[in-house]
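The residues making up each chain are set out below.
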Amino acid sequence: MEDVPVLLGELRPGREQSYDWKSSCETWSVAFSPDGCWFAWSQGHGIVKLLPWPLEEERLRPQAFASKNQCIKITDIKGRRSPEEKTLDCGQIVWGLSFGSSSSPLRRKLWPCNRHQAAGSNSSLMLLATGLNDGHVKVWDVHTGCLLFNLAGHQDVVRDVSFSTNQSLILVTASRDKTLRIWDLKKDGKLLHVLSGHTNWVYCCAISPDCSMLCSAAGENSVLLWSMRSYTLIRKLEGHQNSVVSCDFSPDSALLVTASYDTTVIMWDPYTGERLREFLHVSLPPDLEYSTTEPQLSSLRSVCFSPEGLYLASLADDRFLRLWSLELQDPVSVAPVTNGLCCTFLPHGGVLATGNRDGHVQFWTSPKVLSSLRHLCRKALRCFLTTYQVLALPIPGKMKDFLTYRTYL
């Protein structure tokens, strides 16, 4: 097993707030902007913090178990003008966060904020979507902190939100009302389509980086794959033994991972529906100093791909963060995370953020990988070739296995 992830620091809410039916203290979602310049933190009580990244040293509170020489300071880039942090009061429990960007302006005639301020912002538009407890989706301008849209239509909690990565500002929202909705923010938040097919709450949604597919996971043993071009169902992936709660596509869109309460992460080929590998969250060896002899539940909470696509991170109810290599059956490193709910990688690599039930966020070191030329070529090809197209190429079988990730079978 490789070195345990090092705790870089921790963010905590500034003060405790009283509980009421509209708010709770959990950090259900954390997100980095695609350019790596912003970090969004749902800190509980209906509040989202928008923080410029890298964070200033004084914001971070290292945990007691991390020694001084372990705590790496996250500082601002020298000479860079740091934008101001912003506090977004959403008024409801915030369940999902997603950043979206576009190089072209929105078509809105009226802005619900200072128009001069909006017009003076950067030419590139950066938005943050927040999925709320009352079924609404509020979309904010990251540079100004202004509310741009308040999308209504869902009849229950909006559990997850996901922007397309092609700067089209297409937004997908997943709800406990058992539906997904597709919105076009370039057309004043027009509702394009409602996707129905789940029989239980929809927990998670993810758009593939090539923007061709949408995966949705509900309180069911299967996940649904949809076409982002026709908004029709492509296939149902069956294999889990309990509710699927998290999903993510690899950076080249060639792989899909799903995490379930059944204690497993399954890696799929989304084009063929083939199950390529399972990662089982079994009890940790007793020789690890932070292991316990008491049995712990290992229900999964979150899973995500690393930026280069060679590693996975997962959070389970057994209070451990695990990092996995796609090539190995066992985790390459493990760290204790109490009551973890969500995790995400910094797009530039090297940092992993986790959120927990107390409203805290922790930042961990993650593997810094120099991808091999073989993997870079595979990644470049798989960004525009489907599995079927690769299999049709007049190349040796071993090369096809590598390009379709079958070498892990």
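Treat the numbers as computed from the prediction; the structure is a model and nothing was measured.

(A) Fine view of the overall build of the protein. Helices and strands together make up the secondary structure of the protein, namely 4 helices and 28 strands. Relative to its 409 residues, the protein shows a buried fraction of 57%. Long-range pairs, those at least 24 residues apart, make up 53% of the contacts in the protein with a sequence separation of at least 6. Per element, the accessible surface of the protein, about 18,200 Å² overall, is 50% carbon and sulfur.

(B) Main features of the environment of Cys211. Positionally, Cys211 belongs in the loop between strand S14 (202-207) and strand S15 (213-218). The buried category is assigned to Cys211, whose relative accessible area is 12%. Along the backbone, Cys211 and Phe163 are 48 residues apart, and their C-alpha atoms lie at a distance of 9.6 Å. In this structure Cys211 touches Ser164, Thr165, Asn166 and Met228, once residues within four positions along its chain are discounted.

(C) Main features of the nonpolar core. Judged by nonpolar contacts, the single largest core of 17 residues is most densely connected at Cys215, Val223, Leu225, Leu237, Cys247, Phe249 and Leu256. Within the residue set of this core, elements represented by two or more residues are S14, S15, strand S16 (222-227), strand S18 (244-249) and strand S20 (264-269). With residues near it in sequence (within four places) discarded, Phe249 still touches Ala206, Ile207, Ser208, Pro209, Met213, Cys215, Leu225, Leu255, Leu256, Pro270 and Phe305. Counting residues in hydrophobic clusters, the runner-up holds 16 residues, among them Leu255, Phe305, Leu312 and Trp324.

(D) Examining the pattern of salt bridges more closely. Taken as a whole and judged by the stated rule, the model has 7 salt bridges. A salt bridge links Glu10 to Arg12, with the nearest nitrogen and oxygen atoms 3.0 Å apart. Close ionic contact of Asp269 with Arg406 constitutes a salt bridge, the shortest N to O distance being 2.6 Å. One end of the pair, Asp269, is in strand S20; the other, Arg406, is in the segment after helix H4 (397-403), with 137 residues separating them in the sequence. Exposure class is identical for Asp269 and Arg406. Each is buried. Each of Asp269, Glu274 and Arg406 takes part in a single network of salt bridges with overlapping partners.

(E) Just unusual backbone geometry, in detail. Residue Pro54 is bonded to the preceding Trp53 through a cis peptide linkage, with omega at 5 degrees. With respect to the element layout, Pro54 can be found in the loop between strand S4 (47-52) and strand S5 (86-89). With phi around 60 degrees, Asp188 is a residue other than glycine that occupies positive phi space. Note that Asp188 resides in the loop between strand S12 (179-184) and strand S13 (190-196). We note that Ser253 has phi near 70 degrees; this positive angle belongs to a residue other than glycine.

(F) How the structure looks around the pairing of strand S9 (residues 147-151). Bridge analysis of strand S8 (residues 137-141) against S9 gives 4 bridges, and the strand direction is antiparallel. Each residue of the ladder has a partner; that of Val139, found in S9, is Phe149. Linking two consecutive strands that pair antiparallel, namely S8 and S9, is a turn of 5 residues; a positive phi of about 75 degrees is found at Gly145 within it.

(G) Just the sheet that holds S8, in detail. Overall, antiparallel pairing links the 4 strands, which are arranged S6-S7-S8-S9 in an open sheet. Every interior strand has two partners, whereas the edge strands, strand S6 (94-102) and S9, have only one. Across the sheet, the mean angle from the axis of one strand to that of its neighbour is 20 degrees, orientation sign disregarded. Note that S6 and strand S7 (residues 125-132) share 8 bridges and pair antiparallel. Counted as the bridge partner of Ser98 is Ala129 from S7.

(H) Quick peek at the sheet that holds strand S25 (residues 333-336). Spatially, S22-S23-S24-S25 is the arrangement adopted by the 4 strands of the open sheet, whose pairing is antiparallel. The sheet is open, and its two borders are formed by strand S22 (300-305) and S25, each paired with just one other strand. With strand direction ignored, the average angle separating the axes of adjacent strands in the sheet is 15 degrees. Taken together, the 5 bridges between S22 and strand S23 (residues 311-316) define a ladder with antiparallel strand orientation. Bridge assignment links Phe305 to a residue of S23, and that residue is Leu312.

(I) Broad picture of the state of the cysteines. Inspection of every chain in the model, using the stated rule, returns 0 disulfides. Cys215 carries a free sulfur, and the closest cysteine sulfur to it, the one in Cys247, is 3.8 Å from it. The cysteine Cys342 is free of any disulfide, with Cys343 supplying the nearest cysteine sulfur at 7.3 Å. The class of Cys342 is buried, set by a relative accessible area of 8%.

(J) Representation of the UniProt feature "repeat: WD" (unreviewed entry) in the protein within the structure. Mapped onto this numbering, the UniProt entry annotates "repeat: WD" (unreviewed entry) at residues 127-150, 151-193, 195-236, 237-278 and 293-334. Note that residues 127-150 is 0% helix and 62% strand, and that its end C-alpha atoms are spaced 13 Å apart.

Criteria and thresholds
Residues numbered from 1 in each chain as written. Predicted model: local features only at pLDDT ≥ 70, side-chain atom pairs only at ≥ 80, totals over all residues. Heavy atoms only, no water. Helix = DSSP H or I, 4+ residues; strand = E, 2+ residues; numbered from the N terminus. Buried < 20%, exposed > 50% of the residue type's maximum accessible area, 1.4 Å probe, protein only. Contact = heavy atoms within 4.5 Å. Areas by Shrake-Rupley, 256 points an atom, 1.4 Å probe, with all protein chains shown as cover. Core = buried A, V, L, I, M, F, W, Y, C linked by side-chain atoms within 4.5 Å. Salt bridge = Lys/Arg side-chain N within 4 Å of Asp/Glu carboxyl O. Pairing = 2+ DSSP bridges. Axes fitted to C-alpha atoms, helices over the stretch in contact; angles between N-to-C directions. Disulfide = S-S within 2.5 Å. UniProt positions renumbered as here; feature names shortened; annotations may be inferred.

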